[in-house]
Amino acid sequence: MERAPETAALANRAGRQIGDDGQPQSRSQPRGVFEVDEDAALAELVRAWADGGYHGFYVLEHSMWSAISSSGEVLTGNTPDGLDQQIRAHWQALQ
């Protein structure tokens with residue numbers, strides 16, 4: 001079965017991710033199914049929670065995700081979703 005020209009062109013491109021400077025960077029191999037695009041995940045956490053008083057979003061060695069509350073508490077999770085759940089629980093406890 002032959003691919004449509006636009007699909008074939010996309011299939012031949014290398015994977016891309018956002019680098020530290022915010023610009024897409026080419027990757028020699030596509031990201032694995034369970035690998036997280038840390039830059040994109042951190043950007044989404046900041047977008048979702050910065051206005052709620054959370055800052056200092058950080059990921060340490062691909063396994064410890066953290067944020068600091070406006071009162072200085074450090075919240076952590078093993079994944080971006082885990083950190084999001086911790087922040088959400090913290091925020092709801094303050095309401």
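Residues numbered from 1 in each chain as written. Predicted model: local features only at pLDDT ≥ 70, side-chain atom pairs only at ≥ 80, totals over all residues. Heavy atoms only, no water.

Novice: Help me get a handle on the overall build of the protein chain, residues and values and all.
Specialist: Summing up its helical and strand segments, the protein chain has 3 helices and 5 strands in all. Helices (α) and strands (β) of the protein chain occur, in sequence order from the N terminus, as α-β-β-α-β-β-β-α. Counting across all 95 residues of the protein chain, residues that qualify as buried make up 24%. Counting only carbon and sulfur atoms, one obtains 51% of the accessible surface of the protein chain, whose full area is about 7100 Å². (Helix = DSSP H or I, 4+ residues; strand = E, 2+ residues; numbered from the N terminus. Buried < 20%, exposed > 50% of the residue type's maximum accessible area, 1.4 Å probe, protein only. Areas by Shrake-Rupley, 256 points an atom, 1.4 Å probe, with all protein chains shown as cover.)

Novice: Hey, could you go over helix α3 (residues 80-94) for me, with residue numbers and the actual values?
Specialist: For α3, with 15 residues, the first-to-last C-alpha span of 21 Å sits near the 21 Å given by 1.5 Å per residue. Within α3 the residues assigned to the buried category are Pro 80, Gly 82, Leu 83, Asp 84, Ile 87 and His 90. Buried positions along α3 lie against α2 (38-49), β3 (55-60), β4 (64-68) and β5 (74-77). (Expected span 1.5 Å × (residues − 1). Contact = heavy atoms within 4.5 Å.)

Novice: Tell me about α2, and please be specific about residues and values.
Specialist: With 12 residues, α2 should reach 16 Å at 1.5 Å per residue; the first-to-last C-alpha distance of 16 Å fits that figure. For α2, the set of buried residues is Glu 38, Ala 41, Leu 42, Leu 45 and Trp 49. Down the axis of α2, the buried side of the element spans an arc of 100 degrees, and every buried residue falls inside it. For α2, the secondary structure elements touched by its buried residues are β3, β4 and α3. (Arc of directions from axis to C-beta.)

Novice: Pulling in residues and values, what's your account of the packing of aromatic side chains?
Specialist: Following the criterion strictly, the structure yields 2 aromatic pairs and no others. A ring pair is formed by Trp 49 and Tyr 54, whose centres lie 5.8 Å apart and whose planes are at 85 degrees; its orientation type is edge-to-face. On the basis of relative accessible area, Trp 49 is assigned to the buried category, the value being 8%. Among the residues examined, Tyr 54 registers a relative accessible area of 3% and is labelled buried. Site record: aromatic cluster; members linked through ring pairs are Trp 49, Tyr 54 and Trp 91. (Phe/Tyr/Trp six-rings, centres within 6.5 Å; stacked < 30°, edge-to-face > 60°.)

Novice: So what's going on with the pattern of salt bridges? Which residues, and what values?
Specialist: Summed over all chains, the structure comprises 2 salt bridges. Residue Arg 47 is joined to Glu 44 by a salt bridge in which the shortest nitrogen-to-oxygen separation is 2.8 Å. Taken as a pair, Arg 47 and Glu 44 lie in helix α2 at a separation of 3 residues, close to a single helical turn. The salt bridge involving Arg 88 is made with Asp 84; its shortest N-O contact spans 3.6 Å. Pair noted here: Arg 88 and Asp 84 are both in helix α3, with a separation of 4 residues, about one helical turn. We classify Arg 88 as partly exposed; its relative accessible area is 40%. Take Asp 84: its relative accessible area is 17%, and that puts it in the buried class. (Salt bridge = Lys/Arg side-chain N within 4 Å of Asp/Glu carboxyl O.)

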